[in-house]
Amino acid sequence: MQRTLVIIKPDAVQRGLIGRIISRLEEKGLKLVAAKLVKFSDDIVKKFYSHLTDKPFFQDLKRFMTSTPVLLTVWEGPEAVKVVRKLCGVTNSREAEPSSIRGSFSMSSMCNVVHSSGSPEEAEREISMFFSREEIIQWERKLEDLMLAEDERE
Ligand code: UDP
Ligand code: MG
């Protein structure tokens, strides 16, 4: 089963949107397998967003991401990376589908309420940055066979 990282960003934490964002992912049928509240340091932001350090907006992004704790969450499901990216919407929230998480809750391309991994490789790298093996919880969902076909549960 595929896993993906979702970060509930500082703007969403400050605005009290944690519960509503988690509800969207739960309602869709993704399974929460890990979570922790973390205050990012400058170094973590540089490592996490290493593809963006040369961008003109990077200093602002670093200030934003270190301003308030973020909630790190790991979700499991068939094609979880792709499904969650779509649920979150595109980077610029003004362009995001209005029914997506970014499209629902944000007007910004920086303060866009959530991060989600861009590819399965990115998901593996990001999850291992923040979570040890023991922190990813394998648990049985009682409704699993009502939510997924047998071949989708692998
Ligand atoms: N970002 C920004 N301005 C931009 C592009 C990105 O402030 O023009 C910020 C925004 O918070 C975004 C993050 O940098 O979510 C990471 O950028 P990326 O291109 O990886 O977008 P994402 O994968 O988050 O959609
Ligand atoms: Mg990205």
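Okay, so let's go over this structure. Since the structure is predicted, the reported quantities are computational estimates derived from the model, not experimental observations.

Time to look at the overall build of the chain. A tally of regular secondary structure across the chain gives 8 helices and 4 strands. Each helix and strand of the chain, placed in order from N terminus to C terminus, yields the pattern β-α-α-β-α-α-β-α-α-β-α-α. Over its C-alpha trace the chain gives a radius of gyration of 15 Å, about what one expects of a compact globule, namely 15 Å for 154 residues. Expressed as a percentage of its 154 residues, the buried residues of the chain come to 44%. Across the chain, every contact between residues at least 6 apart in sequence was considered, and the portion connecting residues at least 24 apart equals 75%. Of the side-chain charges in the chain, 24 are positive and 24 negative, and the distance between the mean point of each set is 6 Å.

For the rest of this paragraph, the subject is the sheet that holds strand 2 (residues 31–38). The strands that make up a sheet pair up through hydrogen bonds in the backbone, lying either parallel or antiparallel. With antiparallel pairing, the 4 strands of this open sheet are ordered in space as 2-3-1-4. Both outer strands of the open sheet, strand 2 and strand 4 (114–116), are each paired with one neighbouring strand and no more. If you compare each strand with its neighbour and ignore which way they point, the axes differ by 20° on average. The pairing of strand 1 (residues 2–8) with strand 3 (residues 70–77) spans 7 bridges and is classified as antiparallel. Across the sheet, residue Gln2 finds its bridge partner in strand 3, namely Gly77. Contacting strand 1, strand 3 and strand 4, helix 2 (residues 18–28) runs over the sheet at an angle of about 10° to strand 3.

About the cut-offs
- Positions within a chain are numbered from 1, following the residues in the order the chain's sequence is written.
- Ligands are numbered from 1 and chains lettered from A, in the order in which they are written.
- A pLDDT threshold of at least 70 governs which residues receive local features in this predicted model, and a stricter bar of 80 or more applies before side-chain atom pairs are shown or counted, although totals over entire chains, interfaces and linings include all residues.
- Values reported for side chains reflect all heavy atoms of the structure, with hydrogen atoms and water molecules removed beforehand.
- A run of H or I in DSSP becomes a helix once it reaches four residues, and a run of E becomes a strand once it reaches two; helices and strands are each numbered from the N terminus.
- Each radius of gyration is computed over the set of C-alpha atoms, and the globule rule expresses the reference value as 2.2 Å times the number of residues to the power 0.38.
- Any residue under 20% of the maximum accessible area for its type is buried, any over 50% is exposed, and the rest in between are partly exposed; the area is computed with a 1.4 Å probe on protein chains only.
- Contacts: residue pairs with any heavy atoms within 4.5 Å of one another.
- By the counting rule applied here, Lys and Arg register as positive and Asp and Glu as negative, while His and the ends of each chain are not counted.
- Charged side chains are reduced to one point each, which is NZ for Lys, CZ for Arg, CG for Asp and CD for Glu.
- Here, a strand pair is defined by DSSP locating no fewer than two bridges between the strands.
- Lines are fitted to the C-alpha atoms to define the axes, a helix being fitted only along its stretch in contact, and any angle between axes, read from their N-to-C directions, falls within 0 to 180 degrees.

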